[in-house]
Amino acid sequence: MTTGLSQGEFNIDRMCWLAGVSRASYYRHWLDSAPRRAETGLRDLIQKVALGNAHYGYRRIGALLRREGWQVNHKCVLRIMREDNLLCLRTRPFVPATTNSRHGWQVVPNLARGMILSGVNQLWVADITFLHLAEEFAFLAVVLDAFSRRVVGWALDTHLRASLAIEALEMAITDRQPPPGSLVHHSDRGVQYACGAYSELLHLHGIQASMSRVGNPYDNAKAESFLGCVSTLYLQRHHCWVVSMHDVGAGAMQAGRRAIQKAGGGRPGLHQRAPPWNLKGAKSMVSIIRAIPGETGIPEGFPILLDADMAIIEPAFAWLMEHAVVRGRSRAGDTVRTYGEHLYDWFDSLEQSNQGWRDANEGVIAAYRNRMLEAPSPHTGRPYARSTINARVSTVCRFYDWARDHDLVAASPVRRVDQITLGIWQHQSGLLRSAVNRLTVRSAERLPRPLRRDELAGLFKQLDPTARLAAEWALTAGLRRKELCGLSVGLIPDSFAIDPESQPLVGIPLTITKGSKPRTVYPPLRLIDRTNWYIGEVRSAIVRHARGRHPGYRPLDNLLLNAQGVPLSRARLTAKLAAGFAAAGIDGTLHWLRHTFAMSMLVRLQNQARSNPDLNPLKVLQVLMGHASITTTAIYLRCVELHERDLAESLSFLYGEVIPDEG
């Protein structure tokens, strides 16, 4: 029956009819076989990782796969490894005892249990392990900073005398020089740590001793984990050339830190990934990790910079933490993450140049600025915007000002120059003298312009229903990208109970805003109507399709969903609008819709102020836009003067005659 015809000439209905099967049977067979075909690539990757890392178990392999972007849980990885007989090798050689708890020295209680760390040099952990080399046994003593997981002291020898542990402790004290009374030293109950010489050294430097409970290695889990990585993931994989202790040295320390990094990050509660702004074709020496929920004292998403040795860059951590949590100085999470990206780029440049951050002077920062002026961004391939260059340089200079105030550097490397500005704040107005950074780049001011009526109509034709609704909210209520993605179904009122004559605008209190500051927006009633239509037609269809694919699917309360029923992310929303602007032939972004709202609303408020002298149009617009400073709002005064003709068309497109000018 199929002679002379290719399979592509038949649709599914025709093939099912010719085969004498129902469409339902065909789809059931397809659903049974499709997951197996999709699993082939995953299975192949698991085999490569497991065969290349024989000591990796299913949890560690699962973490590596998720870091590479695979959506897979540990149970799936375990099932595939069992089916393919990919067993984790657990070698159990002779283990000489390194802890002798049966001694007559004093044993102190566990002071480390329950400690909440907020910085370095608060808790050190120490332990000793054996190294099974090809020709001899060696013993390694380490002292780690529990907060940064950095090895601050270590010693290697062929004996287990107390001098081995003392040598590691002396190295740590010399390197860190902790203030007396500020540090707790935790170890097991071994004779090396309980003996008089070790206790006397701790007492001499004002360090409090702490010891684990009897037979409880979990009390010293950080040190145990590090030494396990040194032994299992380094020496056992390189036993062919590690002959004696002279072949180990500091390389084992670096390998242990790399092993911890590869196993899932240096600190509990943190996850690591390649930063999205990584240089193409260049190896980044500084990396960044983000805090996940549940880490006490650290906000979710907080950026933490790690140097080439996978140790926390402590001054950057302290400066960012001050901006994130210190009362009176805290910034929005997005702002702190932006500062983290700026410092990441700065510290990576220093690492690439083998330059210490304390040794940087104005010339080094100027060279960093000139590099961005002369070369395109390796991430985007486009030249750096001058505003981006100024923002990065300003962040670096503020960091050094903070370091000077905290006695981390003798002086700030950047000199300031006086500048006269016009202040229009309520508490301070007129000509103001201020000190500004002399390294900032002069740039021509680019004022925003409103989108014309024809541009708005062309843009909306290119957007899908979800992106169009987001654009309408940005255009008629001035919402930011974060606020658009944070809209929930519960915020949208029933428009049937609202009288359009007496209430043409509807107040909507936002729950997710920039800086988490309360804000109410006032979209027109017809936008509420369109939003309710979207909820009942478009969004409900997305939810139905998602439930058809995944019977256990439960939608969140987010208003904007993507095609898979997942809340629309800010990056995806930006991409949708960027594609719409490009298809409409408009050089603009999502934020241009907010600019158009601001200018259009300012014109209306100015018209109303003619009959109501008590109305301050600029102040009202500041509240509607959610600006922290009125100077940010004042820029629209000049924009209105420049684009008065275009604004008349935009006003008509936005509101028509729904909102009267007088009132």
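Residues numbered from 1 in each chain as written. Predicted model: local features only at pLDDT ≥ 70, side-chain atom pairs only at ≥ 80, totals over all residues. Heavy atoms only, no water.

A. The arrangement of the overall build of the protein in detail. Scanning the protein from N- to C-terminus turns up 22 helices and twelve strands. For the protein, restricting intrachain contacts to residue pairs at least 6 apart in sequence, the fraction spanning at least 24 positions comes to 61%. When the accessible area of the protein is evaluated, it comes to approximately 35,200 Å², of which 52% is carbon and sulfur surface. (Helix = DSSP H or I, 4+ residues; strand = E, 2+ residues; numbered from the N terminus. Contact = heavy atoms within 4.5 Å. Areas by Shrake-Rupley, 256 points an atom, 1.4 Å probe, with all protein chains shown as cover.)

B. Inspection of the nonpolar core at higher detail. Ranked by internal contacts, the top residues of the largest apolar core, which has 60 residues, are Phe302, Trp346, Phe347 and Tyr400. Counting residues per element, this core draws most heavily on helix H13 (residues 386–405), which supplies eight residues. When residues of this core are sorted by domain, at least three fall in each of domain 2 (123–241) and domain 3 (287–406). Discounting residues that sit within four places of it in the chain, Tyr400 has contacts with Trp346, Leu350, Trp357, Ala360, Ile365, Val409, Ser412 and Pro413. By size, the runner-up hydrophobic cluster in this structure holds 45 residues, among which are Trp473, Ala474, Leu475 and Leu560. (Core = buried A, V, L, I, M, F, W, Y, C linked by side-chain atoms within 4.5 Å. Buried < 20%, exposed > 50% of the residue type's maximum accessible area, 1.4 Å probe, protein only. Domains from an automatic or database assignment.)

C. Spatial organisation of helix H7 (residues 196–204). Every buried residue of H7 is listed here: Tyr198, Leu201 and Leu202. Summarising the axial view, the buried residues of H7 lie within an arc of 100°, below the 170-degree limit, and thus occupy one face. Structural note: H7 exposes Glu200, His203 and Leu204 on the side pointing more than 90 degrees away from its buried face. One or two positions beyond H7, positive phi appears at Gly206, with a value near 70°. (Arc of directions from axis to C-beta.)

D. Examining the packing of helix H3 (residues 58–67) against helix H4 (residues 74–83) more closely. For the pair H3 and H4, the least separation of the axes is 9 Å and the interaxial angle reads 120°. By the angle between their directions, the pair H3 and H4 is classed as oblique. Two packed elements cross with a definite hand, and for H3 against H4 that hand is right-handed. For the pair H3 and H4, the contacting residues are Tyr58, Ile61, Gly62, Leu65 and Arg66 in the first and His74, Val77, Leu78 and Met81 in the second. (Axes fitted to C-alpha atoms, helices over the stretch in contact; angles between N-to-C directions. Parallel < 35°, antiparallel > 145°, perpendicular 65-115°, else oblique. Left-handed = near helix turned anticlockwise from the far one by under 90°.)

E. Local environment of the side chain of Glu483. Among the structural elements, Glu483 can be located in helix H16 (residues 481–485). A polar atom in the side chain of Glu483 sits 2.9 Å from the backbone nitrogen of Arg480. (Polar contact = N/O pair within 3.5 Å; in protein donor to acceptor, adjacent residues only side chain to side chain.)

F. Looking closely at unusual backbone geometry. A positive phi angle, near 50°, is found at Gln177, a position not held by glycine. Position of Gln177 among the secondary structure elements: in the loop between helix H5 (162–176) and strand S4 (183–187). Here Gln177 falls in the exposed class, since its relative accessible area comes to 61%. Even without being a glycine, Asp407 presents a positive backbone phi close to 60°. With respect to the element layout, Asp407 can be found in the loop between H13 and strand S9 (416–424). The exposure class of Asp407 is exposed, given its relative accessible area of 70%.

G. Highlighting the packing of aromatic side chains. The final tally for this structure, using the stated rule, is twelve aromatic pairs. When the centroid spacing of 5.2 Å and the interplanar angle of 90° are considered together, the rings of Tyr193 and Tyr198 count as edge-to-face. Ring geometry for Phe399 and Tyr400: centres 5.3 Å apart, planes at 75°, overall edge-to-face. Judged by relative accessible area, Phe399 falls into the buried class, the value being 0%. Looking at Tyr400, the relative accessible area reads 1%, which means it is buried. Following the ring pairs from residue to residue traces out a cluster consisting of Trp319, Tyr339, Trp346, Phe347, Trp357, Tyr368, Phe399, Tyr400 and Trp402. (Phe/Tyr/Trp six-rings, centres within 6.5 Å; stacked < 30°, edge-to-face > 60°.)

H. Structural context of helix H18 (residues 570–583). With 14 residues, H18 should cover 20 Å at 1.5 Å per step; its first-to-last C-alpha distance of 20 Å lies within 8% of that length. All buried positions along H18 are accounted for by Leu573, Lys576, Leu577, Gly580 and Phe581. Projected down its long axis, H18 shows its buried positions confined to an angular sector of 135°, all on one face. For H18, the exposed residues lying more than 90 degrees away from the buried face are Ala571 and Ala582. The secondary structure elements touched by the buried residues of H18 are helix H14 (453–461), helix H15 (465–477), H16 and helix H19 (590–609). Once H18 ends, the next one or two residues include Gly585, with phi positive near 75°. (Expected span 1.5 Å × (residues − 1).)

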